[in-house]
Every structure is written in C-alpha cells, then in structure tokens.
Amino acid sequence: MSNAILIRHLLLVEDDDLLAEQTARALGRHGVQVHVAHSREQALLLITELNTQGTPPDGAILDQNLGDDNGLDLIEPIRRQYPLCRVILLTGYGSIAAAVAATHRGAHNYLTKPASANDILQSLNADPASQTLPLPDSPPSLQRLEWEHIQRTLDVHNGNISRAAEALGIHRRTLQRRLKKRPSASDYLRDSQREAPHEKQTEQHASRTANKSTPQG
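All values derive from a computational prediction rather than experimental measurement.

Another point: the confidence of the model for the protein. Per-chain confidence: the protein averages 76 in pLDDT, with 71% of residues scoring 70 or above. Ranking the elements of the protein by mean pLDDT puts helix 10 (residues 195–213) last, at 45, and strand 2 (residues 33–37) first, at 95. Contacts of residues 132–137 to residues separated by more than four positions or lying in other chains number 12 contacts, the stretch itself having pLDDT below 50. In this model residues 194–207 is a low-confidence stretch, pLDDT under 50, and it forms 6 contacts with partners more than four residues away in sequence or in other chains.

Structure, rendered in structure tokens:
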C-alpha cells in the first residue's frame, strides 16, 4: 500500500520571518497552500482558524526552537485537532534527542535544517518505519553534547525555559543565549566526518602490513 498523500494545505511554524517566507514560496511552486505562524501562540490560533474555514492541513512543519517556546509542544494539539495531519519537526541539526521526543509525541518524521521544499514533501510521504536515526560514528563534540543535554532537559520540563534553566543550574538568560548558539548543520557534518582520518590511518596501516608480508623477489 502506498504511503503517499496529496499535500494541499500545510501549516508552517517558523520564527525566522525570511526563512518562513522562502520556504512557503518554494512549497507554493509545488501547488501547496502554506499557512504560516511565527510563534506557538500564533500557531494555536491558526489551528482553530483552519478548522473553522474547513481547510484542515494535510501536513505541519514545526521548527523546534520558537524563541522561548518549543515546537514539540505543538505536536499534540495539531494531532488532536487533525488526526490525519502528518507532522514534521525541523531541528537545527541532526538532534537525536529531539527526533526521539518528536516521534514519541506523534510526529511523522523529522528533518535537519535547512530543508528544501523537496525534502519536506519527501519526508511527509516517507514511511516512518523505514527511517533510522543518524547515530554518530564517533564521539560528538562538547558543543553537541551540551546541546543534546539542554534539549533533553527542555523536553523533560515541557519546553519551559525557566524550569529547564533551574534544573541545569544556570540563569534563564544564560540558557536563552546558549539556545541561540545552537550547532549548525556544518558542525554536525564535521562531527560525522571525524571518523574519516581514523579510517584512513587504518587503511595505511593495513597496507604497510601487507607490504611487509610480501616476499621480495
């Protein structure tokens, strides 16, 4: 049975105005009508409005970080109002903690930012059972470890910045500053490639061993 669905109406929740505009325009070229919200509050109002208009969204794209709010908190309200709506969480980079939390809350899939219109549409139509989490091949950097710990703490406290900051033993403003310095996609890619030099050294060692064992003519 095909897992594909026709995406006609899509809810996009993104606090970056420019990125939201660019993404909506790109999806519009695929025949998708995009309804944009820039905050959790706007999104909740838009969810009700779309229901009143009789235009339920076929999919929803949620940015994980919405200022002081967490996009994860919108998954349940959307699924409760629109059970057939497929929800995709956008993360700043391949956050395993966020992906697991999103899945547990009912998200269909997740994507690493930046995501193109094709990435979004393909993710909405992908079979979640076939998706695998991007487990790292080597130990992550300290920056990524700190970010993952912050995300787990935020999830435990339902995205509440004040309570998460208290649990982490730091000031609320300090936590907000650290959230703004989230690792980029290039940082994640760099960590994923850290195994490459080790593999190269292993190959060189194997080559030298083979040469030593070869009889000289």
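Judged by pairing direction, the sheet is parallel, and its 5 strands sit side by side in the order 2-1-3-6-7 without closing on themselves. Every interior strand has two partners, whereas the edge strands, strand 2 and strand 7 (109–112), have only one. Neighbour-to-neighbour, the strand axes of the sheet open up by a mean angle of 20 degrees, direction not taken into account. The sheet contact formed by strand 1 (residues 9–13) and strand 3 (residues 59–63) spans 4 bridges and is parallel.

Two elements in contact, helix 1 (residues 17–28) and helix 5 (residues 117–125), have axes separated by 9 Å at closest approach and are oriented at 70 degrees. Considering their axes alone, helix 1 and helix 5 lie roughly perpendicular with respect to each other. Handedness of the crossing formed by helix 1 with helix 5: right-handed. Facing helix 1, whose interface residues are Thr23, Ala26 and Leu27, helix 5 presents Ala117, Ile120 and Leu121.

The subject of this paragraph is the layout of surface pockets. Roughly 230 Å³ of internal volume is contained in the largest pocket. Contributing to the lining of the largest pocket are 14 residues, with Asp15, Asn65, Gly67, Leu179 and Lys180 lying nearest its centre. Put simply, the parts of the chain that give the lining of the largest pocket at least two residues each are strand 5 (69–70) and helix 8 (172–180). Here the lining of the largest pocket gets 3 residues from one element, more than from any other, and that element is helix 8. The residue makeup of the lining of the largest pocket, split by class, is 3 nonpolar, 5 polar and 6 charged. In this model, the second largest pocket occupies a volume close to 200 Å³. Residue lining of the second largest pocket: Ile5, Leu6, Arg8, Pro56, Pro57, Asp58, Tyr82, Pro83, Leu84, Cys85 and Arg86, and that is the complete set. For the lining of the second largest pocket, the residue count by class is 8 nonpolar, no polar and 3 charged.

Next up on the list: the pairing of strand 1. With 5 of 5 residues buried, strand 1 is to be regarded as a mostly interior element. Residues His9, Leu11 and Val13 point to one face of strand 1 and Leu10 and Leu12 to the other, with burial holding for every one of them. Bridging between strand 1 and strand 2 involves 5 bridges; their strand directions are parallel. Note on strand 2: the bridge partner recorded for His9 is Gln33. At this point the chain moves from strand 1, through helix 1, to the parallel strand 2, and the crossover so formed is right-handed.

Criteria and thresholds
- Residues numbered from 1 in each chain as written.
- Predicted model: local features only at pLDDT ≥ 70, side-chain atom pairs only at ≥ 80, totals over all residues.
- Heavy atoms only, no water.
- pLDDT = per-residue confidence, 0-100.
- Helix = DSSP H or I, 4+ residues; strand = E, 2+ residues; numbered from the N terminus.
- Contact = heavy atoms within 4.5 Å.
- Pairing = 2+ DSSP bridges.
- Axes fitted to C-alpha atoms, helices over the stretch in contact; angles between N-to-C directions.
- Parallel < 35°, antiparallel > 145°, perpendicular 65-115°, else oblique.
- Left-handed = near helix turned anticlockwise from the far one by under 90°.
- 1 Å grid on protein atoms, 1.4 Å probe; cavity = no way out; pocket = protein on both sides within 12 Å on 5 of 7 lines; lining within 4 Å.
- Points joined across faces, edges and corners; volume = space filled by probe spheres on them.
- Nonpolar A, V, L, I, M, F, W, Y, C, P; charged D, E, K, R; others polar.
- Buried < 20%, exposed > 50% of the residue type's maximum accessible area, 1.4 Å probe, protein only.
- Right-handed = clockwise from strand over helix to strand, strands pointing away.

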